[in-house]
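Examining the three-dimensional arrangement
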Amino acid sequence: AFLSLAMRAVPAALVLMFASCSLFPEKTATLWTNRPEFAFYAEIFNAEQNEYRIEIEYREYPGKAMEGAETVPDLVIGENLRSVSIIKYFESLEGFIKRSGLPLQNIYPALYETCLQEGNPVLLPVSFNLPALIFKENGSADLDSFFLSLESIMEQSKKFNAQSTRDFAVMGFSPRWEPEILYIKTLLLGVDFHETSQGQLAWNEQRLRDTVDYIRTWIRDVNGGPEKEQEFTDKFLYDPGYKLISSGRIGFYYTTLRDFFGIPVEKRNEIDYRWIAKEGKIPVLEDILYMGIPKQARNKRAAQAFISWFLSEETQEKIMEQVQERRLRLFGIAEGFSSLQHINEQIFPRFYPDLVGHIPPAEYLKIPGSLPPEWKKMKEEVLLPWLIREASGTGTGESLDRDLKTWILQKRGS
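Residues numbered from 1 in each chain as written. Predicted model: local features only at pLDDT ≥ 70, side-chain atom pairs only at ≥ 80, totals over all residues. Heavy atoms only, no water.

Observations regarding the pairing of strand β12 (residues 271-276)
Within β12, six of the six residues are buried, leaving the element largely enclosed by the surrounding structure. Summarising the sheet, strand β7 (residues 131-136) and β12 pair through five bridges and their orientation is antiparallel. Within β12, the residue paired with Phe-135 across the bridge is Asp-272. In this sheet, β12 lies alongside strand β8 (residues 147-148) in parallel orientation, the contact comprising two bridges. Of the residues in β12, the one forming a bridge with Leu-148 is Ile-276. (Buried < 20%, exposed > 50% of the residue type's maximum accessible area, 1.4 Å probe, protein only. Helix = DSSP H or I, 4+ residues; strand = E, 2+ residues; numbered from the N terminus. Pairing = 2+ DSSP bridges.)

Okay, here's the thing in structure tokens:
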């Protein structure tokens, strides 16, 4: 699946990079990743110079794959590499950074801080994603020019609902339309899902209950209760969110930076967006992409050469130019904002005009804490179903902690 996805975006000749053995093993770095766009980036790197090569191998969870592996890669790029059970496999990059002169001043400071272990950099950030709401352009002239807070979303939804009949022919917004928005609300309300020093998932239980109560109140007071909301959903929500907004059926719909620019350009003509924020802080989504070199890597020089090349402004500008020239379906840098602030502020708007006036300053970003390696599955299989049940009033009353423990036991027994 990974290979077929990658090949829709990059030339078919790159298949060889996933299977071939290099003729110069001492100058070839093996990269473990689950991100197909790096096949394209490796192609550019390999073509620009003949001293080093990057060969890619797919791993669903590239960081976790190092646990118990007989042979480790030379470079790992993936999510949740900060986990306490994974970060220990990476070597310090301090000496390499000093020798190479990497422009650390260009990396978002808060992002770089997450790469430190006992004060030493062991990872480097690649890209990140942000949550947003889309709405009809000029449909809400009194919105803030940059953010949407929970309070303003609720107020605008009430105004939108006022256009409706008793049976809700239109609806402003529901937190239940996209399960991910329920998670975003936990971030905004300070639930703070994070990993403990023992590798366990922890959170603020009281804030979690407050979040559930907040969502239930929204459904009841703004949308007439879960039954009316569900009736509207079943009756009308069969088209993509942007189409429902353009038709005036709904007021807002959840998206992300990455997904917004996945909407065809012609479909975005009537659509605008704002970042979701609280008190001027936008929660950076937890799928931050990092890169690191394992301690046992054999070809560290090739890995270091790729890192130096990739984290240069010249390279990242060239990547976006080639994506545009080849008409590839790849967004930004590794499907998100770059970890290099200048790239986002000066280069992105040239390729993505819809970002003009929407580039968040560094101080607006709220970086999440580290999370367990299997966080993605935990969220999809435990947290989001629990939030949906509790927000809808159909839950059993069992705590999230109990559901999580049951899930962990089931995984161990399978």
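So, the environment of Gln-341
Considering the arrangement of structural elements, one finds Gln-341 in helix α13 (residues 341-351). Distance in space between the C-alpha atoms of Gln-341 and Phe-90 is 25 Å, their sequence separation being 251 residues. With sequence-adjacent residues up to four places away left out, Gln-341 is seen in contact with Asn-106, Tyr-108 and Ala-362. A polar side-chain atom of Gln-341 sits 2.8 Å from a polar atom in the side chain of Glu-345. (Contact = heavy atoms within 4.5 Å. Polar contact = N/O pair within 3.5 Å; in protein donor to acceptor, adjacent residues only side chain to side chain.)

Structural notes on the pattern of salt bridges
Throughout the structure, instances matching the rule amount to 24 salt bridges. With a closest N to O distance of 2.9 Å, Glu-48 and Lys-318 form a salt bridge. Highlighted residues: Glu-48 in helix α2 (residues 37-48) and Lys-318 in helix α12 (residues 313-326), separated in sequence by 270 residues. A relative accessible area of 26% means that Lys-318 is categorised as partly exposed. Across the pair Lys-64 and Glu-67 runs a salt bridge, and its minimum N-O distance is 3.2 Å. According to the relative accessible area criterion, Lys-64 is partly exposed, its value standing at 28%. On the basis of relative accessible area, Glu-67 is assigned to the partly exposed category, the value being 32%. Taken together, the shared-partner salt bridges in this structure form one network comprising Glu-205, Arg-209, Arg-216 and Glu-390. (Salt bridge = Lys/Arg side-chain N within 4 Å of Asp/Glu carboxyl O.)

Regarding the pairing of strand β11 (residues 252-256)
A regular strand places its side chains on the two faces of the sheet in alternate fashion. β11 sits mainly inside the fold: five of its five residues count as buried. Residue alternation in β11 divides its side chains into two sets, Phe-252, Tyr-254 and Thr-256 and Tyr-253 and Thr-255, and both sets are buried. Relative to β11, β7 is paired through five bridges, and the arrangement is antiparallel. In the sheet register, Leu-133 faces β11, and the bridge partner there is Tyr-254.

Focus: the sheet that holds strand β2 (residues 53-58)
Pairing in this open sheet of six strands is mixed, and the strands run β2-β1-β3-β14-β6-β15 from one edge to the other. Strand pairing shows two members of the sheet lacking a second neighbour, β2 and β15 (337-338), which therefore form its edges. When strand β6 (residues 124-128) meets β15, the two strands line up antiparallel, connected through two bridges. Each residue of the ladder has a partner; that of Phe-128, found in β15, is Phe-337.

Points about the packing of α2 against α12
At their nearest, the axes of α2 and α12 sit 11 Å apart, and the two run at 110° to each other. The angle between the axes of α2 and α12 places the two elements in the roughly perpendicular class. The handedness of the crossing between α2 and α12 is right-handed. Between α2 and α12, the residues in contact are Phe-40, Tyr-41, Glu-43, Ile-44 and Glu-48 and Lys-318, Ile-319, Gln-322, Val-323 and Arg-326, respectively. Considering only residue class, the contact of α2 with α12 consists of five nonpolar, one polar and four charged. (Axes fitted to C-alpha atoms, helices over the stretch in contact; angles between N-to-C directions. Parallel < 35°, antiparallel > 145°, perpendicular 65-115°, else oblique. Left-handed = near helix turned anticlockwise from the far one by under 90°. Nonpolar A, V, L, I, M, F, W, Y, C, P; charged D, E, K, R; others polar.)

Topic: the environment of Tyr-58
Looking at where Tyr-58 falls in the secondary structure, it is placed in strand β2. Considered as a pair, Tyr-58 and Trp-32 are 26 residues apart in the sequence and their alpha carbons are 5.8 Å apart.

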